[in-house]
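# Residue-level structural notes
Take a look at the letters that make up each chain.
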Amino acid sequence: MIYYFSGTGNSRHVAEVLGEKLGMSVVDLGKKIKTGDMDGIQDDAMIVVTPTYCYRMPRIVEDYLCGVSISAKKAYFVLTYGTTPGNAAHYAEKLSEKLGVPYGGTFSVAMPENYIAMFDAPGAEESREIIQKAENKIRDVAHTIEKGENQKNSSSWTGKVLSSINGIYYSLFVKADKFYAKDNCIGCGECERRCALANVVMEEGRPTWLDCCTHCMACINYCPVEAIEYGKKSEGRFRYTFEKVKEK
């Protein structure tokens, strides 16, 4: 079975394509995390599809998987990234060991950047080109998993350094206090609905952010009127979602 976590649709798309090619069901980990669904996982092959946040799997995904009972013959990890996955495969392998599941390997798939709290997201046309290039990589991933082969991983010195700052980055910068809604907010509640951590709540028709955030960027990028900002860093940046660029 395929388990995915996705902020703005990239990893969901990869999971759905893999599901079609492998004939496997696809499960949204975001919904399970939000609802507190701690049902165990029992599979022949457990495939986890997530984005990379600061060159590692999202901490909330790691924590969730460590909190449920898992029985599987092999674990594969498929990680989407905007610039580089860093040394994320190393940490995925360590997670597999911690879960007590034989490690099948980690695959990395380049998808459009969405982290507009720090970087520019590519425009619609460039995003479509990136997504199109990713289709061949997803096909190759499916072929390797279908054959039951293990994926060998390695990382550069630069990748190791980048991933090593993950803990510091999370503790210092992964916070929700800079999110706010501008006056053009229409009170639709889309941001609240999209937050996998239930960290956005509507109060008197406007969103309020609590103190539990993973910087998935779902709230800011899915706002239908672009009323949400992250301090001044997101101002003027393209709001990327997978659905938006595919529709155009």
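Cut-offs applied
Starting from 1, residues in each chain are numbered consecutively following that chain's sequence as written. Since the coordinates come from a predicted model, pLDDT governs what is reported: local features require at least 70, and pairs of side-chain atoms require 80 or more to be given and counted, while whole-chain, interface and lining totals use all residues. To obtain the side-chain values, all non-hydrogen atoms of the structure were used and water was disregarded. A helix here means a DSSP run of H or I that spans at least four residues, while a strand means a run of E at least two residues long, and both kinds are numbered starting from the N terminus. Here the radius of gyration uses the C-alpha set of atoms, whereas the globule reference equals 2.2 Å times the residue count to the power 0.38. Note on exposure labels: buried denotes an accessible area under 20% of the residue type's maximum, exposed denotes more than 50%, and partly exposed covers the range between, all computed with a 1.4 Å probe on protein chains only. Between two residues, a contact is recorded if the distance between any of their heavy atoms is within 4.5 Å. Surface accessibility in these figures is a Shrake-Rupley result with a 1.4 Å probe; residues are shielded only by whichever protein chains are displayed. Only four residue types enter the tally: Lys and Arg on the positive side, Asp and Glu on the negative side, with His and both chain ends excluded. In plain terms, the charge of a residue is placed at NZ if it is Lys, CZ if Arg, CG if Asp and CD if Glu. Salt bridges, as used here, are contacts in which a Lys or Arg side-chain nitrogen is within 4 Å of a carboxyl oxygen on Asp or Glu. Strand pairing is assigned whenever DSSP detects at least two bridges linking the two strands. Axis angles are defined between N-to-C directions and span 0 to 180 degrees, where every axis is a line fitted to C-alpha atoms and, for a helix, only to the segment in contact. Geometry of aromatic contacts follows a simple scheme: Phe, Tyr and Trp rings, the Trp one being its six-membered ring, pair when their centres are within 6.5 Å, and the pair is stacked under 30 degrees between planes, edge-to-face over 60, tilted otherwise. Both a distance and an angle decide whether a charge sits over a ring: NZ of Lys or CZ of Arg must be within 6 Å of the ring centre and within 35 degrees of the ring normal. What counts as a domain boundary in this text is fixed by an automatic or database domain assignment. Here the quantity called buried area is the accessible surface, traced with a 1.4 Å probe, that two parts lose on coming together, added over both. For cavity detection a 1 Å grid was placed over the protein atoms alone, and a set of points counts as a cavity when a 1.4 Å probe fits there but cannot get out; an open set counts as a pocket when protein lies on both sides within 12 Å along at least five of seven lines, with lining residues being those that have an atom within 4 Å of a point. Grid points are joined across faces, edges and corners, and a volume is the space filled by probe spheres set on the points. Gly is placed with the polar residues, together with every amino acid not listed as nonpolar (Ala, Val, Leu, Ile, Met, Phe, Trp, Tyr, Cys and Pro) or charged (Asp, Glu, Lys and Arg).

For the protein, an unreviewed UniProt entry supplies the name 4Fe-4S binding domain protein and the organism Aedoeadaptatus nemausensis.

Next up on the list: the overall build of the protein. Each helix and strand counted, the protein has 10 helices and nine strands in total. Rg of the C-alpha trace for the protein: 18 Å, near the compact-globule value of 18 Å for 248 residues, within the 12% margin. Principal-axis analysis of the C-alpha atoms gives the protein an extent of 55 × 35 × 35 Å. Within the protein, buried positions represent 52% of all 248 residues. Contacts spanning at least 24 positions in sequence make up 76% of the contacts within the protein whose residues lie at least 6 apart. Accessible surface, the protein as shown: approximately 11,900 Å² in total, 48% of it carbon and sulfur. Here the protein holds 31 positive side-chain charges and 32 negative ones, and the gap between their average locations is 4 Å.

All right, on to the pattern of salt bridges then. For the structure shown, the criterion picks out 12 salt bridges. The shortest N-O distance in the salt bridge between Lys73 and Asp44 comes to 3.6 Å. With Lys73 in strand S4 (residues 70-81) and Asp44 in strand S3 (residues 41-51), this pair connects stretches of sequence that are 29 residues apart. Asp44 shares its class with Lys73; the two are exposed. A salt bridge links Glu125 to Arg128, with the nearest nitrogen and oxygen atoms 2.6 Å apart. Taken together, the residues Glu125 and Arg128, both in helix H5 (residues 124-146) and three residues apart, mark about one turn of the helix. Residue classification places Arg128 among the partly exposed positions, given a relative accessible area of 25%.

Looking now at the sheet that holds strand S1 (residues 2-4). Taken together, five strands build an open sheet; the order of strands is S2-S1-S3-S4-S5 and the sheet is parallel. Only two strands of the sheet have a single partner each, and these edge strands are strand S2 (26-28) and strand S5 (103-110). In this sheet, adjacent strand axes meet at a mean angle of 25 degrees when their direction is disregarded. As defined by bridge partners, S1 adjoins S2 across three bridges and the pair is classed as parallel. Bridge assignment links Ile2 to a residue of S2, and that residue is Val26. Against the sheet, helix H1 (residues 10-22) makes contact with S1, S2, S3, S4 and S5, and its axis sits at roughly 145 degrees relative to S3, the strand it touches most.

Moving on to the packing of aromatic side chains. For the structure shown, the criterion picks out six aromatic pairs. Taken together, Phe179, Trp209 and Tyr230 form an aromatic cluster joined through their ring pairs. Lying across the ring of Tyr222, Arg194 places its NZ or CZ 3.6 Å from the centre.

Examined at the domain level, the protein breaks down into domain 1 (2-165) and domain 2 (174-230 + 239-247). Computed from C-alpha coordinates alone, the two centres of domain 1 and domain 2 are separated by 23 Å. Between domain 1 and domain 2, the residue contacts involve 24 residues of the former and 22 residues of the latter. Summing the contributions of domain 1 and of domain 2, the shared interface buries around 1,900 Å²; its carbon and sulfur component is 65%. It is Thr8, Lys34 and Ile116 in domain 1 that bury the most area against domain 2; as a group they hold 29% of the surface buried on that side. Inspection of the region where domain 1 meets domain 2 yields one salt bridge.

The gaps of empty space that remain are located by a probe, the size of a water molecule, rolled over the atoms. By volume, the largest pocket amounts to about 460 Å³. If you go around the largest pocket, you meet 31 residues; those closest to its centre are Thr52, Tyr53, Cys54, Glu113 and Tyr115. The set of elements that each furnish at least two residues to the lining of the largest pocket consists of H1, S4 and helix H7 (166-173). Of the residues contributing to the lining of the largest pocket, the split by class is 16 nonpolar, 14 polar and one charged.

Strand residues, when the strand is regular, have side chains that alternate between the two faces of the sheet. On strand S8 (residues 206-209), burial follows the alternation: Pro207 and Trp209 on one face are buried, whereas Arg206 and Thr208 on the facing-out side are not. Counted between consecutive antiparallel strands, the loop separating strand S7 (residues 200-203) from S8 contains two residues, among which Glu204 sits at a positive phi close to 55 degrees.

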